[in-house]
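Secondary and tertiary structure notes
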Amino acid sequence: DKAIMPFCLLDMSGEDFEKLMQFTAQKNSSMDERIDAYLNHPDCEIEFIFTVDIDDVHKSEDFFIRIIDHIDSVDNGRRQKDPILFAVTKWDKIKNDYANVDEFFSKEFPVIGNYIENNTERDITIIDFSIGDLKNDSEYNYDSKDSKRIANWMYEEYAGYSMDKVMRKSLLKRLFNS
(Lines give C-alpha, C1' and ligand atoms only; values in the text may rest on other atoms or scores of the structure.)
Protein backbone atom coordinates (compact mmCIF):
# COMPACT_ATOMS: atom_id res chain seq x y z
CA ASP A 1 0.00 0.00 0.00
CA LYS A 2 3.01 2.30 -0.10
CA ALA A 3 2.88 5.01 -2.72
CA ILE A 4 5.78 5.01 -5.13
CA MET A 5 7.28 8.45 -4.94
CA PRO A 6 9.72 9.32 -7.69
CA PHE A 7 12.11 11.81 -6.21
CA CYS A 8 14.28 14.40 -7.86
CA LEU A 9 15.90 17.18 -5.89
CA LEU A 10 16.83 20.35 -7.70
CA ASP A 11 19.53 21.88 -5.58
CA MET A 12 21.48 24.92 -6.62
CA SER A 13 25.13 25.67 -6.34
CA GLY A 14 26.14 29.12 -5.21
CA GLU A 15 26.81 30.19 -8.81
CA ASP A 16 23.35 29.02 -9.95
CA PHE A 17 21.76 30.73 -6.99
CA GLU A 18 23.54 33.98 -7.92
CA LYS A 19 22.11 33.70 -11.45
CA LEU A 20 18.67 33.15 -9.96
CA MET A 21 19.12 36.20 -7.75
CA GLN A 22 19.98 38.23 -10.88
CA PHE A 23 16.83 36.93 -12.57
CA THR A 24 14.69 37.99 -9.64
CA ALA A 25 16.35 41.41 -9.44
CA GLN A 26 15.85 42.28 -13.13
CA LYS A 27 12.28 42.48 -14.41
CA ASN A 28 12.98 41.55 -18.05
CA SER A 29 15.66 38.94 -17.50
CA SER A 30 15.05 35.29 -18.34
CA MET A 31 15.20 32.29 -16.03
CA ASP A 32 18.09 29.88 -16.35
CA GLU A 33 17.11 27.47 -19.15
CA ARG A 34 18.06 24.42 -17.04
CA ILE A 35 15.53 25.41 -14.39
CA ASP A 36 12.86 26.14 -16.99
CA ALA A 37 13.49 22.73 -18.58
CA TYR A 38 12.77 21.15 -15.22
CA LEU A 39 9.65 23.28 -14.68
CA ASN A 40 8.35 22.54 -18.19
CA HIS A 41 8.92 18.78 -18.13
CA PRO A 42 5.50 17.13 -18.60
CA ASP A 43 6.27 14.06 -16.49
CA CYS A 44 7.73 15.87 -13.53
CA GLU A 45 5.61 16.12 -10.39
CA ILE A 46 6.96 19.04 -8.42
CA GLU A 47 6.76 20.09 -4.80
CA PHE A 48 8.57 23.30 -4.01
CA ILE A 49 10.48 23.70 -0.77
CA PHE A 50 11.82 27.18 -0.13
CA THR A 51 14.17 27.75 2.77
CA VAL A 52 13.81 31.10 4.49
CA ASP A 53 17.12 32.17 6.00
CA ILE A 54 16.43 34.31 9.05
CA ASP A 55 19.79 36.03 8.55
CA ASP A 56 18.72 37.38 5.13
CA VAL A 57 14.98 38.00 5.51
CA HIS A 58 14.64 41.35 3.80
CA LYS A 59 16.00 40.21 0.42
CA SER A 60 14.01 37.00 0.53
CA GLU A 61 10.43 38.22 0.05
CA ASP A 62 11.07 39.88 -3.34
CA PHE A 63 13.06 36.83 -4.40
CA PHE A 64 10.25 34.39 -3.50
CA ILE A 65 7.59 36.56 -5.13
CA ARG A 66 9.48 36.66 -8.44
CA ILE A 67 10.15 32.91 -8.34
CA ILE A 68 6.51 32.07 -7.55
CA ASP A 69 5.30 34.44 -10.30
CA HIS A 70 7.62 32.72 -12.75
CA ILE A 71 6.56 29.23 -11.65
CA ASP A 72 2.91 30.24 -12.01
CA SER A 73 3.51 31.52 -15.56
CA VAL A 74 5.19 28.34 -16.80
CA ASP A 75 3.37 26.28 -19.42
CA ASN A 76 0.13 28.31 -19.31
CA GLY A 77 -0.12 28.09 -15.54
CA ARG A 78 0.24 24.31 -15.26
CA ARG A 79 2.36 24.70 -12.10
CA GLN A 80 -0.09 26.99 -10.24
CA LYS A 81 -1.37 24.14 -8.08
CA ASP A 82 2.00 22.60 -7.21
CA PRO A 83 2.43 22.69 -3.42
CA ILE A 84 4.91 24.96 -1.68
CA LEU A 85 6.54 24.55 1.70
CA PHE A 86 8.33 27.49 3.30
CA ALA A 87 10.80 26.25 5.93
CA VAL A 88 12.00 29.03 8.21
CA THR A 89 15.51 27.87 9.06
CA LYS A 90 17.46 28.48 12.25
CA TRP A 91 14.16 28.79 14.11
CA ASP A 92 15.88 28.03 17.40
CA LYS A 93 17.65 31.41 17.15
CA ILE A 94 14.42 33.45 16.93
CA LYS A 95 11.74 31.24 18.48
CA ASN A 96 11.45 33.53 21.52
CA ASP A 97 10.90 36.63 19.34
CA TYR A 98 7.62 35.42 17.81
CA ALA A 99 4.58 33.55 19.13
CA ASN A 100 4.92 31.07 16.24
CA VAL A 101 6.11 30.76 12.67
CA ASP A 102 2.84 32.21 11.32
CA GLU A 103 3.45 35.44 13.27
CA PHE A 104 7.02 35.56 11.92
CA PHE A 105 5.72 35.15 8.38
CA SER A 106 2.97 37.76 8.69
CA LYS A 107 5.44 40.33 10.11
CA GLU A 108 8.45 39.60 7.90
CA PHE A 109 6.70 38.53 4.66
CA PRO A 110 3.43 40.48 4.48
CA VAL A 111 3.09 40.26 0.69
CA ILE A 112 3.59 36.49 0.62
CA GLY A 113 1.35 36.18 3.67
CA ASN A 114 -1.39 37.94 1.71
CA TYR A 115 -0.73 35.67 -1.29
CA ILE A 116 -1.10 32.60 0.96
CA GLU A 117 -4.32 33.92 2.51
CA ASN A 118 -5.90 34.59 -0.88
CA ASN A 119 -4.66 31.48 -2.69
CA THR A 120 -7.16 28.63 -2.51
CA GLU A 121 -5.73 26.64 -5.43
CA ARG A 122 -2.34 25.73 -4.00
CA ASP A 123 -1.39 24.00 -0.77
CA ILE A 124 1.09 26.31 0.96
CA THR A 125 2.65 25.23 4.23
CA ILE A 126 4.90 27.23 6.54
CA ILE A 127 7.01 25.43 9.13
CA ASP A 128 9.69 26.39 11.57
CA PHE A 129 12.85 24.37 11.00
CA SER A 130 15.89 23.74 13.10
CA ILE A 131 18.50 21.02 13.25
CA GLY A 132 18.19 21.13 17.01
CA ASP A 133 18.65 23.44 19.95
CA LEU A 134 21.46 25.94 19.84
CA LYS A 135 23.91 25.39 22.70
CA ASN A 136 26.26 28.18 21.62
CA ASP A 137 27.33 29.82 18.34
CA SER A 138 28.83 26.61 16.97
CA GLU A 139 27.14 23.73 18.80
CA TYR A 140 23.70 22.16 18.52
CA ASN A 141 21.83 19.35 20.20
CA TYR A 142 20.70 17.56 17.02
CA ASP A 143 17.01 16.72 16.73
CA SER A 144 15.58 15.06 13.62
CA LYS A 145 11.91 16.00 14.21
CA ASP A 146 11.87 18.89 11.72
CA SER A 147 13.60 16.87 9.01
CA LYS A 148 10.97 14.18 9.54
CA ARG A 149 8.20 16.78 9.24
CA ILE A 150 9.53 17.81 5.83
CA ALA A 151 9.80 14.18 4.69
CA ASN A 152 6.24 13.55 5.90
CA TRP A 153 5.00 16.68 4.10
CA MET A 154 6.63 15.57 0.86
CA TYR A 155 5.14 12.10 1.10
CA GLU A 156 1.66 13.31 2.03
CA GLU A 157 1.58 15.89 -0.77
CA TYR A 158 2.53 13.22 -3.28
CA ALA A 159 0.60 10.20 -1.97
CA GLY A 160 -2.40 11.98 -0.50
CA TYR A 161 -1.97 10.34 2.91
CA SER A 162 0.64 10.47 5.61
CA MET A 163 3.63 8.20 6.03
CA ASP A 164 2.41 7.56 9.58
CA LYS A 165 -0.65 5.80 8.14
CA VAL A 166 1.60 3.57 6.01
CA MET A 167 3.85 2.83 8.99
CA ARG A 168 0.87 1.87 11.20
CA LYS A 169 -0.54 -0.41 8.49
CA SER A 170 2.87 -2.01 7.99
CA LEU A 171 3.28 -2.59 11.74
CA LEU A 172 -0.19 -4.09 12.08
CA LYS A 173 0.39 -6.30 9.05
CA ARG A 174 3.64 -7.60 10.54
CA LEU A 175 2.00 -8.21 13.90
CA PHE A 176 -0.90 -10.17 12.44
CA ASN A 177 1.26 -12.14 10.00
CA SER A 178 3.65 -13.32 12.74
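Refer to the preceding data block for the structure.
Residues numbered from 1 in each chain as written. Predicted model: local features only at pLDDT ≥ 70, side-chain atom pairs only at ≥ 80, totals over all residues. Heavy atoms only, no water.

**Some points on the packing of aromatic side chains**
- Across all of its chains, the model carries 12 aromatic pairs by this definition.
- Between Trp 91 and Phe 104, the aromatic rings sit 6.1 Å apart at their centres with planes inclined by 85 degrees, giving edge-to-face as the arrangement. Residue Trp 91 is found in helix 4 (residues 91-94), and its partner Phe 104 is found in helix 5 (residues 101-108); the two are separated by 13 residues along the sequence. The residues Trp 91 and Phe 104 share a single accessibility class, namely buried.
- When the centroid spacing of 5.1 Å and the interplanar angle of 90 degrees are considered together, the rings of Tyr 98 and Phe 104 count as edge-to-face. (Phe/Tyr/Trp six-rings, centres within 6.5 Å; stacked < 30°, edge-to-face > 60°. Helix = DSSP H or I, 4+ residues; strand = E, 2+ residues; numbered from the N terminus. Buried < 20%, exposed > 50% of the residue type's maximum accessible area, 1.4 Å probe, protein only.)

**Focus: a nonpolar patch on the surface**
- A cluster of nonpolar side chains, Ile 131, Leu 134, Tyr 140 and Tyr 142, forms an exposed patch at the surface whose accessible area comes to about 390 Å².
- Along the polypeptide, Leu 134 turns up in strand 4 (residues 132-136).
- Look at Leu 134 and you get partly exposed, because its relative accessible area is 33%. (Patch = residues over 30% accessible without salt bridge, like charges linked within 9 Å, V, L, I, M, F, W, Y side chains within 5 Å. Areas by Shrake-Rupley, 256 points an atom, 1.4 Å probe, with all protein chains shown as cover. Salt bridge = Lys/Arg side-chain N within 4 Å of Asp/Glu carboxyl O.)

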